[in-house]
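Architecture and fold: a report
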Amino acid sequence: VTADPVLDVLPRRFDAFEWHHYTYDVPVGATELARSGVTTQAFRLGSALGIQFHAEVTAATVESWLAEEPDDVPDADAFRAATAERIEGWNHLGRALCSRFFDEAQRAASSSSSAATDGRSETRSTQAESDGHRSSESPSTSRARSTHGR
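Below you will find a few notes about this structure. (Residues numbered from 1 in each chain as written. Predicted model: local features only at pLDDT ≥ 70, side-chain atom pairs only at ≥ 80, totals over all residues. Heavy atoms only, no water.)

Concerning the packing of aromatic side chains
- Applying the stated rule across the entire model yields nine aromatic pairs.
- Relative to Phe 79, the ring of Trp 19 lies with its centre 5.8 Å away and its plane at 85°, an arrangement referred to as edge-to-face. In this pair, Trp 19 is assigned in the loop between β2 (13-18) and β3 (22-24) and Phe 79 in helix α2 (residues 76-117), connecting sequence segments 60 residues apart. Each member of the pair Trp 19 and Phe 79 is classed as buried.
- Relative to Phe 102, the ring of Phe 101 lies with its centre 5.9 Å away and its plane at 70°, an arrangement referred to as edge-to-face.
- One aromatic cluster in this structure is built from Phe 17, Trp 19, Trp 65, Phe 79 and Trp 90. (Phe/Tyr/Trp six-rings, centres within 6.5 Å; stacked < 30°, edge-to-face > 60°. Helix = DSSP H or I, 4+ residues; strand = E, 2+ residues; numbered from the N terminus. Buried < 20%, exposed > 50% of the residue type's maximum accessible area, 1.4 Å probe, protein only.)

Here's the deal with the layout of surface pockets
- The space that makes up the largest pocket amounts to roughly 330 Å³.
- Residue lining of the largest pocket: 15 residues in total, with Arg 44, Ser 47, Glu 104, Arg 107 and Ala 108 positioned closest to the centre.
- Of all elements in the fold, only β6 (48-51) and α2 reach the threshold of two or more residues within the lining of the largest pocket.
- No other element matches the eight residues that α2 contributes to the lining of the largest pocket.
- Class assignment of the residues belonging to the lining of the largest pocket gives a composition of eight nonpolar, four polar and three charged. (1 Å grid on protein atoms, 1.4 Å probe; cavity = no way out; pocket = protein on both sides within 12 Å on 5 of 7 lines; lining within 4 Å. Points joined across faces, edges and corners; volume = space filled by probe spheres on them. Nonpolar A, V, L, I, M, F, W, Y, C, P; charged D, E, K, R; others polar.)

Structural data, given as structure tokens:
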């Protein structure tokens, strides 16, 4: 179990909004940070962070997705009602995650510029490949379990 400077802002268990038809294997060398009952929801590979759940979701986004893909949910009215009950919590988690991400990016940039001015600048390049897999998931809200340390 690995601590993560960005994902540590989230609770060990949290409700997340999912609307995806594809999933992936965790890239070689990456650490899984969160997972639902179906698939990985977050991972880290070096300085890269990947998330599968929709931390950015808004009620307007859900409405646009329902309009674009009406057959993705069996009961759109029930889905809207569930979204209305949970959207505030999802938005709170999304803002916290985004804020922490920006804080960490700023810290890393400050660290890099300090190293560059000291003549110790280092350039790293990481390339990761992952296979996309079709998931049987339909839009849902799922309970993600963080696999990162606290």
